[in-house]
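Examining the three-dimensional arrangement
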Amino acid sequence: TGTVEFNELNKTLTQLIHNVNLAYRGQKQFVENASHEMQTPLAIIRSKLELLINQPALTENSAFLLADITEANERLSQMNRTLLLLAKIENNQFPDTGEVDLSEVLEKLISNFKIHYDDFPALDLSIEKQVMLSANRSLIDILLSNLLNNAIVHNIPNGKIRIELSKDQLIIQNTGLPPDADPGELFERFRKGSHLTKTTGLGLALVKQICNLYHYQVSYQFTDGWHRLELRFR
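Let me begin by describing the structure that accompanies this report. (Residues numbered from 1 in each chain as written. Predicted model: local features only at pLDDT ≥ 70, side-chain atom pairs only at ≥ 80, totals over all residues. Heavy atoms only, no water.)

The next thing to look at is the overall build of the protein chain. Secondary structure assignment for the protein chain yields 5 helices and 7 strands. Put simply, the protein chain runs from its N terminus to its C terminus through helices and strands in the order α-α-β-α-β-β-α-β-β-α-β-β. Judged by the C-alpha coordinates and their principal axes, the protein chain covers about 80 × 50 × 35 Å. For the protein chain, buried positions account for 35% of its 234 residues. Within the protein chain, contacts between residues separated by at least 24 positions form 70% of all contacts whose residues are at least 6 apart in sequence. With an accessible surface of roughly 14300 Å², the protein chain has 54% of that area assigned to carbon and sulfur atoms. On the protein chain, the mean spot of the 23 positive side-chain charges and the mean spot of the 28 negative ones are 2 Å from each other. (Helix = DSSP H or I, 4+ residues; strand = E, 2+ residues; numbered from the N terminus. Buried < 20%, exposed > 50% of the residue type's maximum accessible area, 1.4 Å probe, protein only. Contact = heavy atoms within 4.5 Å. Areas by Shrake-Rupley, 256 points an atom, 1.4 Å probe, with all protein chains shown as cover. Lys, Arg positive; Asp, Glu negative; His and termini not counted. Charge placed at Lys NZ, Arg CZ, Asp CG, Glu CD.)

And the structure:
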């Protein structure tokens, strides 16, 4: 502009933006590198624990302690994998997209979860056939798996799950206790809806990250004993 003050302001703001971008990229790189390097020692711990559990001289008290350590190690491994996945999504390392049949993926996942959980809640389904999305198949699997698992883990004994899928939206509702955290913060990392569940607190953060990538709108509310998560695709 020819004005010294404006030129100085422009120079300062440009440098500030550059520094912020460097810090952001450095933080993402650190998370990715740290998560990647943690995989090997966690795998070693798991294998050594398996060897200890199979020792013939193992006492009952030692077995309980090893079971607790194994469970903690598995949670740490899951947290590590999720952090690494979040870093990869932020770095746009899932560029491959194709037509994904959301109806088919959802039905297969529900079937698998029914086999995995003995106390699977009562299910009410309304799934429209051939709901197609342009996305990465792996990320869609992860998105739906986290939503379904969330509806099961945060349910109550003899609870219910309602799932509605149409071409424009997916709604998953489940009975459950009111969330301990502010509903507006549940999509942040390490936020848990209940302190009683042994989860990593990263499931909904991962859901939010995938939705941001594909510009889906995701919302949550709790009304009359029902948790409701809604995804709008269009």
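This part is about helix α3 (residues 102-116). For α3, built from 15 residues, the straight-helix expectation of 21 Å at 1.5 Å per residue is met to within 8% by its first-to-last C-alpha distance of 21 Å. Along α3, the residues that are buried comprise Leu102, Ser103, Val105, Leu106, Leu109, Ile110 and Phe113. Angular distribution of buried residues about the axis of α3 spans 160°; they occupy a single face of the element. At its buried positions, α3 is contacted by β1 (98-101), β2 (122-127), β3 (132-135), α4 (137-153), β4 (160-165) and β5 (169-175). Its side-chain oxygen 3.1 Å from the backbone nitrogen of Ser103, Asp101 forms the N-cap of α3. (Expected span 1.5 Å × (residues − 1). Arc of directions from axis to C-beta. Polar contact = N/O pair within 3.5 Å; in protein donor to acceptor, adjacent residues only side chain to side chain.)

This next bit is on a nonpolar patch on the surface. Judged by side-chain polarity, Phe6, Leu9, Leu13, Leu16 and Val20 come together as a nonpolar surface patch covering roughly 490 Å² of accessible area. Its place among the elements puts Leu16 in helix α1 (residues 4-53). Look at Leu16 and you get partly exposed, because its relative accessible area is 49%. (Patch = residues over 30% accessible without salt bridge, like charges linked within 9 Å, V, L, I, M, F, W, Y side chains within 5 Å. Salt bridge = Lys/Arg side-chain N within 4 Å of Asp/Glu carboxyl O.)

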